[in-house]
Amino acid sequence: MWKFATEANGKAFIAGQWQAAASAATFPVTNPADGSVIANVPNMGAKETQDAIAAAHDAFPSWAATSSKDRAAILETWAQLLRDNAEDLGELMTAEQGKPLLEAIGEIMTSADYIDWFAEEAKHVHGETADAPSQNATVQISREPIGVVAAITPWNFPAAMVTRKVAPALAAGCPVILKPAEDTPLIALALAELAERAGLPAGVLNIVIGDRAQAAVISKTLMDSTDVEKLSFTGSTDVGKLLIGQSAKTVKKLALELGGNAPLIVLEDADVDVAVKGVLSAKFMNAGQMCVAPNRIYVHEKVYDEFAQKLTEAVKDIKVGDGLDPNTQMGPLINQKAVDKVQHQVDDAVAKGAEILCGGHVSQPGTLFFEPTVLKNATPEMEIKSQETFGPVAALFKFREEAEVITQANDTRYGLAAYVFGRDEAHAAEVAKQLQAGMVGINESMLIDEAIPFGGVKESGIGRENSHFGIEEYQEIKSTIIKKKSPHI
Ligand code: NAP
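Summary of the structure given here.

The subject of this paragraph is the layout of surface pockets. Its boundaries defined by the atoms lining it, the largest pocket holds a volume of some 1,200 Å³. Surrounding the largest pocket, 36 residues form its lining, W155, G235, S236, V239 and K337 being those nearest its centre. If you list the elements that add at least two residues to the lining of the largest pocket, you get helix 7 (212-224), strand 10 (228-234), helix 8 (237-247) and helix 11 (336-351). It is helix 8 that provides the largest number of residues to the lining of the largest pocket, a total of five residues. Residues of the lining of the largest pocket, tallied by class, amount to 17 nonpolar, 11 polar and eight charged.

What follows concerns the site of the ligand. Surveying the vicinity of the ligand reveals 30 residues, the closest of which are T153, R212, S236, L258 and E388. A distance of 3.3 Å separates an oxygen atom of the ligand from a polar side-chain atom of R164. Given that more than half its atoms are within 2 Å of the pocket grid, the ligand belongs to the largest pocket. Mapped onto the shell around the ligand, the elements with two or more residues apiece are helix 5 (160-172), helix 7, strand 10 and helix 8. Per-element accounting of the shell around the ligand gives the leading share, four residues, to helix 7. Tallied by class, the residues present in the shell around the ligand amount to 16 nonpolar, eight polar and six charged.

Attention shifts here to the sheet that holds strand 17 (residues 417-421). Strands sit in the order 14-15-16-13-12-17-18 across an open sheet of seven strands; the sheet is mixed. At either end of the open sheet lies a strand with only one pairing partner, and these are strand 14 (355-358) and strand 18 (439-442). Across this sheet, the average inter-strand angle for adjacent strands is 25 degrees, counted without regard to direction. Alignment of strand 17 against strand 18, held across four bridges, turns out to be parallel. Residue pairing across strands places A418 opposite V440, the latter belonging to strand 18.

Let us now look at the side chain of N156. Structurally, N156 is set in the loop between strand 7 (148-152) and helix 5. On the basis of relative accessible area, N156 is assigned to the buried category, the value being 5%. A distance of 3.1 Å separates the side chain of N156 from the backbone oxygen of Q289, its partner in a polar contact. Ignoring any residue separated from it by four or fewer positions in sequence, one finds N156 in contact with Q97, K99, E107, M161, N286, Q289, M290, C291 and F390.

Next up on the list: empty space enclosed by the protein. Applying the stated rule across the entire model yields two cavities of 30 Å³ or more. Taken together, 16 residues line the largest cavity, and the ones lying closest to its centre are P263, A409, Y414, G415 and Q436. Counting only elements with at least two residues in the lining of the largest cavity, the list comes to strand 12 (262-266), helix 13 (402-410) and strand 17. Looking at side-chain class alone, the lining of the largest cavity contains nine nonpolar, five polar and two charged residues. Considering only enclosed or pocket space, the second largest cavity measures out at about 30 Å³ in volume. G260, N261, A262, G288, M290, C291, A293, N295, E388 and F390 together form the lining of the second largest cavity. Residues belonging to the lining of the second largest cavity are distributed by class as follows: five nonpolar, four polar and one charged.

Turning our attention to the sheet that holds strand 20 (residues 475-483). Two pairing modes exist for strands in a sheet, parallel and antiparallel, and in both the strands are linked by backbone hydrogen bonds. The strand order 5-6-20 describes an open sheet built from three strands, whose pairing is antiparallel. Looking at which strands have only one partner, the edges of the open sheet turn out to be strand 5 (128-132) and strand 20. In this sheet, neighbouring strand axes are inclined to one another by 25 degrees on average, regardless of whether the strands run parallel or antiparallel. The pairing of strand 5 with strand 6 (residues 137-145) spans five bridges and is antiparallel. By the bridge assignment for strand 6, T129 is matched with Q140.

Okay, the nonpolar core next. One recurring pattern in soluble globular proteins: nonpolar side chains tend to sit buried together. In this structure, W78, L82, L170, V176, I177 and L231 are the most contacted members of the largest nonpolar core, which totals 81 residues. Grouped together as the second largest cluster of nonpolar side chains are 68 residues, W155, V279, C358 and F454 included.

Our next topic: the pairing of strand 17. Counting buried positions over the five residues of strand 17 gives five, a clear majority of the element. Every second residue of strand 17 is oriented toward a common face, with A417, Y419 and F421 on one face and A418 and V420 on the other, all of them buried. Note that strand 12 and strand 17 share three bridges and pair parallel. Counted as the bridge partner of I265 is V420 from strand 17. Remark: the strand 17/helix 14 (residues 425-433)/strand 18 crossover connection has right-handed handedness.

Across all of its chains, the model carries three aromatic pairs by this definition. Seen from their ring centres, F13 and W18 are 4.8 Å apart, and the 40 degrees between their planes marks the pair as tilted. Both residues of the pair, F13 and W18, belong to the buried class. Geometrically, the ring pair formed by Y298 and F397 is tilted, given 5.0 Å between the ring centres and 40 degrees between the ring planes. Separated by 99 residues along the polypeptide, Y298 in strand 13 (residues 294-300) and F397 in strand 16 (residues 393-399) bring together distant segments of the chain. Taking the relative accessible area as the measure of exposure, F397 reaches 3% and is therefore buried.

Right, let's talk about the packing of helix 1 (residues 46-65) against helix 7 for a bit. Orientation of helix 1 relative to helix 7, taken along the N-to-C sense of each, is 35 degrees, at an axis distance of 9 Å. Here helix 1 and helix 7 pass one another in a crossing that is right-handed. Where helix 1 approaches helix 7, its residues A46, T49, Q50 and I53 are matched on the opposing element by V217, I218, T221 and L222.

The next point concerns unusual backbone geometry. Geometrically, the link from Q364 to P365 is a cis peptide bond, its omega value of 10 degrees lying close to zero. Backbone geometry at N286 places phi at a positive 55 degrees, although glycine is not the residue there. Secondary-structure assignment places N286 in the loop between helix 9 (272-284) and strand 13. With phi around 55 degrees, F390 is a residue other than glycine that occupies positive phi space. If you trace the backbone, F390 turns up in the loop between helix 12 (383-386) and strand 16.

Conventions used here
- Residues numbered from 1 in each chain as written.
- Predicted model: local features only at pLDDT ≥ 70, side-chain atom pairs only at ≥ 80, totals over all residues.
- Heavy atoms only, no water.
- 1 Å grid on protein atoms, 1.4 Å probe; cavity = no way out; pocket = protein on both sides within 12 Å on 5 of 7 lines; lining within 4 Å.
- Points joined across faces, edges and corners; volume = space filled by probe spheres on them.
- Helix = DSSP H or I, 4+ residues; strand = E, 2+ residues; numbered from the N terminus.
- Nonpolar A, V, L, I, M, F, W, Y, C, P; charged D, E, K, R; others polar.
- Near = heavy atom within 4 Å.
- Polar contact = N/O pair within 3.5 Å; in protein donor to acceptor, adjacent residues only side chain to side chain.
- Sits in = over half its atoms within 2 Å of the grid points.
- Pairing = 2+ DSSP bridges.
- Axes fitted to C-alpha atoms, helices over the stretch in contact; angles between N-to-C directions.
- Buried < 20%, exposed > 50% of the residue type's maximum accessible area, 1.4 Å probe, protein only.
- Contact = heavy atoms within 4.5 Å.
- Core = buried A, V, L, I, M, F, W, Y, C linked by side-chain atoms within 4.5 Å.
- Right-handed = clockwise from strand over helix to strand, strands pointing away.
- Phe/Tyr/Trp six-rings, centres within 6.5 Å; stacked < 30°, edge-to-face > 60°.
- Left-handed = near helix turned anticlockwise from the far one by under 90°.

Below is the structure:
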């Protein structure tokens, strides 16, 4: 299945070399659909992380000095290699992450689009000049690569989360040390192999792999280093806060894409069919393991029963199975912890009065599959209201007053995504304006594109990925003040 770097089995990529852990320790990567072991990867720690930092530090001057056109050419070749190998990469992703093959291949194509976008951005880095009247001087304002970047990524989009960080960093002229999630290191290694084939110089992209216990050691080594200037992290808010604390010691620039608890509001005048379609894709894609997935679905009382019935009918039709089966529309959850969390939230909701309209339990064909679930009569006392589910559970809350639902929607420390469905677009836009979120979809559930700034407010994060803001995360602004010669001298 994995046609990439057989030599990389048991090895990670540091300083342009495929390397085993110094201790020779490995850990298995398993297929969540059936628990089978796909590969063994190195279990690295502080020593290998320091080696990666040294390699990146050494590579920085020449990579930063490489012309933006040449950097862009390497990125474009890398993107093309992703497209050329999309089928194999997709199969590998399905095997280690579980998502249906079509979704996996789609993610590879999206990842290639991210790389291409930033290849273009590399060529469009502009500075400014300004007059400084009181000093008889001219000021040059330039954007410079920030330096060595640490990137830590989650397992839910194991290729897109990597390219969304690595591509803008490389485009800006910054070398990267990437620590992918324990559950999905193989795609990251395959991407590194393709980057090497694309001509990326040694040390510019380094991958350090470790299991969950080693994650804290690797990240602490990165955070303590004065040779690492920037952290770009995607993951939970809890780990994000920990990293904020650790990064304070060396005052790193931070980009944090953290957890979500998205509200989705179906207004009184909504086209119910459009809203049901929106929930189906935003909530059940990737088995609901998405930071932007609607976690709280608020439906106006006038359309609540119709919406609940239509959504339930559609959700019952979702085909659950191994992602490699072409009929599968939803794969397994990533691991046992994820299944336990989802089951706990459903049980908590039912104990507090929710009604299960469909699903609600672990399902065939394996221990990590969870039935697509719809819950009616959700209330604010339930854990599902305040905690991110990260699973295929649609919880329906009923509302009457718009002011009340806006207050409810904003009653969270998260603020990543939000959705509003209503036929009167101007009115829906008024509601959207009052929602505290980095991204709002109006009659639209697809919020992600390389051209759209991605990120959250409140405890959902700091900074933006994608768009022209994405590359700015990896740049510092430098002001050079040039004193003009006095005409009298
Ligand atoms: P996570 O547990 O925070 O893990 C994310 C990354 O941090 C992984 O590489 C993980 O390594 C590492 N990590 C875990 N504990 C660490 C520690 N103590 N010190 C340093 N690093 C540590 O999150 P997850 O469960 O993988 O992902 C789900 C979360 O990510 C959800 O909250 C979701 O909303 C969020 N997310 C946000 C976005 C966004 O763009 N805002 C996108 C996707 C996901 P291990 O895998 O080895 O534990």
